[in-house]
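Summary of structural features
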Amino acid sequence: MSVQPGWYVDPADTETRRYWDGEGWLGAPIPVDATPPDGPPPAEPPPAPVTPAAPVAAHQVGTAPGRPPHAGNAPQAGPHPGHGPQANPGPAWGPQAGPPGWAPPGMPQGTPPGAPPGWTPQAGPPGWPPQGVPPGWAPPGGPPGWLGRPPEPRPHGLRLAGYGRRLVARLIDFGLVFALNVLVNGWFVWRWLDELMPYWREAFRRGMEGNTSTEGMPPISEQTGLLQVVIVVIATALWLAYEVPAMAANGQTIGKRVMRIRAVPIAADQPLGFGRALTRWTTLGLPTLLWYCAGLGLLLQLVDSLSPLFDHPLRRALHDKRAQTVVVEVPDTAASPAPDDHPQPSGDTP
């Protein structure tokens, strides 16, 4: 990923900024809180040429009493680039680029150019690149798109279930519970609608005529409210009977089996047990009893269902947090080898 030219925090000194021209740092640093110019810094005058030292005559070397030959001679810059210590060509000088993943000796892999000894990436928010490097920079050798974020946790060595799988599994379970309600609760629902229909027919007729008066409307009997309570209680009981025993046994309802996910305790990879499964269900299923309270139960269930989207990194819903569980993917089990119908003789003779 190429980095656009601009002023960025200097990786060698986070108290300063320098100009990145797309290939390297350019110009002298400025304070980090100073307003940088609109473009690159003005060109700096070239460094003064280094005057080579006068050669020492051969007959002068080692002639001083007690002085060994070549004593005190400092190493000189080599006549060719890369030969011997080089002179610093200017303020923007730094270690040259090496092969992918190369870093100076003693420095961590992925060290940006110009970093001082002991440099390490600074901590930042999840998903942000390390501080003090150009935007878009990532340590070489990491997986695609990696910018220093921690790896995804794997409870008990299993991958976390994705949001899509969890949603589809829950929709499958809701469809099955709805089918059970049609069979068990259908008669009560029909009676409830039959009690309400005279009132709603009259309200619809007056609405079509533009009549907003409520006088003379058919009364709603007390039996209507009683039927509503019975319907909600039966629906809650059917959901409880469908989900809790299955989750207690192996952490899977039918929907979770289809989507190959299951719920496990955070502490250990083992069955939930009845107590933990009931605790998990009551957070999501028990608000069904409040459906008739102006939809309060539906609101609580919606908040619980959306809560995994805002929980990181384990993607736990409110009912998962209350029961200390996490939803993981079920790994594909390798096919077991076929049994040997013709075992080899042991070699022992009778």
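Since the structure is predicted, the reported quantities are computational estimates derived from the model, not experimental observations. (Residues numbered from 1 in each chain as written. Predicted model: local features only at pLDDT ≥ 70, side-chain atom pairs only at ≥ 80, totals over all residues. Heavy atoms only, no water.)

The next subject is the pattern of salt bridges. Pairing between side chains of opposite charge can happen when their charged atoms approach one another. The final tally for this structure, using the stated rule, is 12 salt bridges. Taking the shortest distance from any N to any O, the salt bridge between Glu195 and Arg191 comes out at 3.9 Å. In this pair, Glu195 and Arg191 both sit in helix α2 (residues 186–209), 4 residues apart, roughly one turn of the helix. Note that Arg262 and Asp269 form a salt bridge whose closest N and O atoms lie 3.0 Å from each other. In this structure, a network of salt bridges that share partners links the residues Glu202, Arg205, Arg206 and Glu209. (Salt bridge = Lys/Arg side-chain N within 4 Å of Asp/Glu carboxyl O. Helix = DSSP H or I, 4+ residues; strand = E, 2+ residues; numbered from the N terminus.)

What follows covers the pairing of strand β2 (residues 13–20). On a regular strand, each side chain points to the face opposite its neighbour's, so the side chains alternate between the two faces of the sheet. Sheet topology note: the strand β1 (residues 6–10)/β2 ladder contains 5 bridges and is antiparallel. Opposite Trp7, over in β2, you have Tyr19 as the bridge partner. Adjacent in sequence and paired antiparallel, β1 and β2 are bridged by 2 residues. Connecting β2 to the antiparallel partner strand β3 (residues 25–31) that follows it, the hairpin turn spans 4 residues, and Gly22 within it adopts a positive phi of roughly 100°. (Pairing = 2+ DSSP bridges.)

Glancing now at unusual backbone geometry. At the junction of His312 and Pro313, the peptide bond is cis and its omega measures out at 5° in the coordinates. Assignment of secondary structure puts Pro313 in the loop between α6 (296–306) and α7 (318–323). With a phi close to 55°, His156 is a non-glycine residue in the positive phi region. For His156, the location among the structural elements is in the loop between β3 and α1 (163–184).

On to the sheet that holds β1, then. Across the sheet, which stays open at both edges, the 3 strands sit in the order β1-β2-β3 with antiparallel pairing between neighbours. Here the strands that pair on one side only, and so sit at the sheet edges, are β1 and β3. Along the sheet, successive strands turn relative to each other by an average axial angle of 35°, direction set aside. (Axes fitted to C-alpha atoms, helices over the stretch in contact; angles between N-to-C directions.)

With that out of the way, let us pick up α1. Between the first and last C-alpha of α1 there are 31 Å, a value that for 22 residues agrees with the 32 Å anticipated at 1.5 Å per step. For α1, the complete set of buried residues consists of Arg166, Ala169, Arg170, Asp173, Val177 and Asn181. Relative to the axis of α1, the buried residues are bounded by an arc of 120° and lie together on one face. Within α1, the exposed residues directed more than 90 degrees away from the buried face are Leu167, Leu171, Phe178 and Leu183. (Expected span 1.5 Å × (residues − 1). Buried < 20%, exposed > 50% of the residue type's maximum accessible area, 1.4 Å probe, protein only. Arc of directions from axis to C-beta.)

Now for the nonpolar core. Core analysis: the biggest nonpolar cluster contains 16 residues, and Trp239, Met247, Ile261, Ala263, Ala277 and Val327 have the highest contact counts within it. Listing elements by their share of this core, those giving two or more residues are α1, α3 (222–250), β4 (261–265) and α5 (273–285). For this core, the leading source of residues is α3, giving 5 residues. When neighbours within four sequence positions are excluded, Met247 is seen to be in contact with Gln252, Thr253, Lys256, Ala263, Leu272, Ala277 and Arg280. Grouped together as the second largest cluster of nonpolar side chains are 5 residues, Leu160, Val264, Val326 and Val328 included. (Core = buried A, V, L, I, M, F, W, Y, C linked by side-chain atoms within 4.5 Å. Contact = heavy atoms within 4.5 Å.)

For the rest of this paragraph, the subject is the confidence of the model for the protein. On average, residues of the protein score 75 in pLDDT, and 65% of them are at 70 or above. Per-element mean pLDDT across the protein ranges from 80 in β1 up to 96 in helix α4 (residues 254–259). Long-range and interchain partners of residues 57–97, a stretch whose pLDDT sits below 50, account for 23 contacts in this model, where long-range means more than four residues apart. Scored below 50 in pLDDT, residues 335–350 shows 0 contacts in the model against residues more than four places distant or in partner chains. (pLDDT = per-residue confidence, 0-100.)

Of all 5 residues in β4, 5 are buried, a share of seventy percent or more. Residues Ile261, Ala263 and Pro265 point to one face of β4 and Arg262 and Val264 to the other, with burial holding for every one of them. Two strands pair when backbone bridges link them, and β4 and strand β5 (residues 325–329) are joined in this way by 5 bridges, in the antiparallel orientation. Each residue of the ladder has a partner; that of Arg262, found in β5, is Val328.

Here the focus is the side chain of Glu329. Its location among the elements puts Glu329 in strand β5. Once residues within four sequence positions are removed from consideration, Glu329 is found in contact with Leu158, Arg159, Leu160, Ala161, Gly162, Arg165, Arg260 and Ile261.

With that settled, the discussion passes to the environment of Tyr292. Structurally, the position occupied by Tyr292 is in the loop between α5 and α6. Sequence separation between Tyr292 and Val229 is 63 residues; the distance between their C-alpha atoms is 7.8 Å.

As for its position among the elements, His319 is in helix α7. Setting aside chain neighbours within four positions, we find His319 in contact with Arg166, Arg170, Arg280, Thr283, Leu284, Asp304 and Thr325.

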